There are 2 protein chains.
Amino acid sequence: MVVETPEPNLALEEQPLSNIVEVLKAFRARSLDLMKDGRFKYLMIFKNVGAQAGASQRHAHSQIIALPVIPLALKEKLNPCREYFVEKDRNLYEDILRNEIKEEERMVYENAGYGVMCPFASRFPFEVVLMPKQQRADFHACKDHDLVLLADALKHVLMAYRQGLNVPSYNLVLHTAPIRHGKQTRWHTLDFDFRWHIEILPRMSGIAGFEFGTGFHINPVLPEEAARFLREVNAGVNE
Amino acid sequence: MVVETPEPNLALEEQPLSNIVEVLKAFRARSLDLMKDGRFKYLMIFKNVGAQAGASQRHAHSQIIALPVIPLALKEKLNPCREYFVEKDRNLYEDILRNEIKEEERMVYENAGYGVMCPFASRFPFEVVLMPKQQRADFHACKDHDLVLLADALKHVLMAYRQGLNVPSYNLVLHTAPIRHGKQTRWHTLDFDFRWHIEILPRMSGIAGFEFGTGFHINPVLPEEAARFLREVNAGVNE
């Protein structure tokens with residue numbers, strides 16, 4: 001558990017940028033410490049906000065869970081990245097980010113270090129993914145300067161949610177590479193083919209029988225419309 | 001949409017057995033009709049009850065959605081069934097049901113045609129799976145007599161939820177074999193290796209960041225305890 005502020009009613013995005021940077025530094029420091037334990041293969045950093053997103057308490061907080069296995073949901077990201085790299089000799093995330101920046105219509109925010117976009121195949125209305133422009137598989141390898149830019153990007157998108165979507169419930173999940181413990185494992189290519197990133201899933205529509213039975217998600221909002229809306233909210237906030 | 005009753009405040013399990021049989025016959029009739037359309041590869045029958053399970057209206061109803069593709073979530077069931085059959089020359093569902101009936105502790109209810117159990121690796125507290133004792137890949141092939149026994153099993157487990165869990169929200173999903181349109185497809189082995197079944201997922205605990213990020217589910221209730229509780233509620237109801 002990472003407590004993000006001593007204030008009982010202050011959300012992460014309402015805090016000064018320097019405080020958000022401190023939260024991100026806590027993620028990094030805890031990650032580096034947990035990685036010393038050879039039993040752990042994966043560190044899951046996540047944040048549940050609001051009752052609809054499964055939050056069990058209101059005070060602004062994030063969670064870090066260390067796992068002795070690499071989750072299947074992560075392997076379903078890692079394996080296609082490797083296949084893409086083997087086939088094209090290029091990084092999948094880099095290609096997606098470059099393409100989205102060029103096409104513009106699904107971009108929500110961009111600064112010197114990060115791009116934030118509504119994914120082409122968004123599962124939820126106003127879902128966003130945030131990824132670094134620099135190739136890096138491990139979140140814990142971020143420098144202080146990277147974390148300042150990350151805090152800026154997070155503050156922008158979470159503030160757009162707060163202002164534009166009336167303080168929605170959401171889940172934030174940080175996907176980073178599995179811990180390699182300096183060993184040559186089957187994941188030794190991750191430094192080239194995988195990139196850490198953050199997914200933020202607003203929980204305004206439910207997960208119901210159809211989603212459980214099929215794995216498909218019904219999303220009534222086009223990612224292009226969601227991105228335009230969040231851009232316009234951001235512009236209004238920053239005027 | 002299958003409207004289950006003209007009564008505005010009556011749940012499926014509160015209806016007389018004969019009405020529940022009529023609902024199941026409607027599932028079958030609609031399935032047989034939709035299967036005439038060569039575009040469809042899969043029919044998804046499901047039921048969302050309560051706001052936490054994503055129900056958008058209160059009146060007792062079920063839904064049938066016809067899909068032009070076989071959902072990935074279903075393939076993740078079909079493929080292991082085939083692998084199991086290839087390796088052991090036995091049906092996976094038949095082996096699970098036989099084992100659960102023998103071990104007893106995860107069984108919730110049993111009649112001449114169906115077994116209801118809390119799965120060994122339950123994702124949600126009080127999750128149950130209901131499967132026919134007779135090998136059959138397709139729900140739509142059920143005879144009238146099968147549907148009477150199915151209605152009996154459904155009424156028992158849903159009444160145990162209602163009485164024991166204080167009318168919980170839940171999703172019910174019927175997993176049946178893909179439509180083969182009489183053709184020799186790669187799914188021609190399903191009649192031997194796959195069995196239709198129903199999953200019922202009470203939604204008392206949320207799906208949050210950890211579940212999205214890992215695909216793992218945190219379930220604080222052992223399936224053996226859940227099954228015992230539901231058995232005892234059923235016994236109380238039927239005294």
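All residue numbers refer to position in the chain's written sequence, counted from 1. All chains are assigned letters beginning with A, and all ligands numbers beginning with 1, in the order in which they are written. Selection of residues for local features in this predicted model requires a pLDDT of at least 70, selection of side-chain atom pairs for listing and counting requires 80 or more, and totals for whole chains, interfaces and linings are taken over all residues. No hydrogens and no water enter the side-chain calculation; it runs on all heavy atoms of the structure.

### With respect to the sheet that holds strand S7 (residues 170-175) of chain A
All names here are of chain A. The rule for pairing is simple: two strands pair if DSSP sees at least two bridges between them. For helices the rule is a DSSP run of H or I covering at least 4 residues; for strands it is a run of E covering at least 2, with both sets numbered from the N terminus onward. Read from one edge to the other, the open sheet built from eight strands follows the order S1-S3-S2-S7-S8-S6-S5-S4, with strand pairing classed as antiparallel. On the outer flanks of this sheet lie strand S1 (2-3) and strand S4 (107-110), each paired with one strand and no other. Direction of pairing for strand S6 (residues 128-132) relative to strand S8 (residues 197-202): antiparallel, over a ladder of three bridges. Bridge assignment links Leu130 to a residue of S8, and that residue is Ile198.

### Remarks on the sheet that holds strand S2 (residues 42-49) of chain B
Residues and elements named next belong to chain B. Reading across the sheet, the eight strands line up as S1-S3-S2-S7-S8-S6-S5-S4 and stay open at both edges, with antiparallel pairing between neighbours. Of all the strands in the sheet, just strand S1 (2-3) and strand S4 (107-110) have a single pairing partner and so form its edges. Of the strand pairs in this sheet, S1 and strand S3 (residues 61-67) are connected by two bridges, and their pairing is antiparallel. Paired with Val2 across the bridge in S3 is Ser62. Packing of helix H1 (residues 17-34) onto the sheet brings it into contact with S1, S2 and S3, and relative to S3 it is tilted by some 15 degrees. The contact criterion used is simple: two residues touch if any of their non-hydrogen atoms lie within 4.5 Å. Here an angle of 0 to 180 degrees is reported between the N-to-C directions of two axes, which are lines fitted to C-alpha atoms, with helices fitted over the stretch in contact.

### Quick look at the pattern of salt bridges
One speaks of a salt bridge when a side-chain nitrogen belonging to Lys or Arg is within 4 Å of a carboxyl oxygen belonging to Asp or Glu. Summed over all chains, the structure comprises 50 salt bridges over all chains. The closest approach of N and O atoms between Arg106(B) and Glu100(B), which form a salt bridge, is 3.0 Å. Exposure classes here rest on a 1.4 Å probe applied to the protein chains alone. A residue is buried below 20% of its type maximum, exposed above 50%, and partly exposed in between. In this structure Arg106(B) comes out as buried when scored by relative accessible area, which is 3%. Overall, the relative accessible area of 5% leaves Glu100(B) in the buried class. For Arg180(B), the salt bridge identified is with Asp191(B), shortest N-O distance 2.9 Å. Taken together, the residues Arg180(B) in the loop between strand S7 (170-175) and helix H5 (190-193) and Asp191(B) in helix H5 connect sequence positions 11 residues apart. Here Arg180(B) falls in the buried class, since its relative accessible area comes to 15%. Taking relative accessible area as the criterion, Asp191(B) reaches 40% and is therefore assigned partly exposed. The network of salt bridges with shared partners includes Arg90(A), Glu94(A), Asp95(A), Arg98(A) and Arg195(A).

Shape descriptors only; they carry no functional weight alone.
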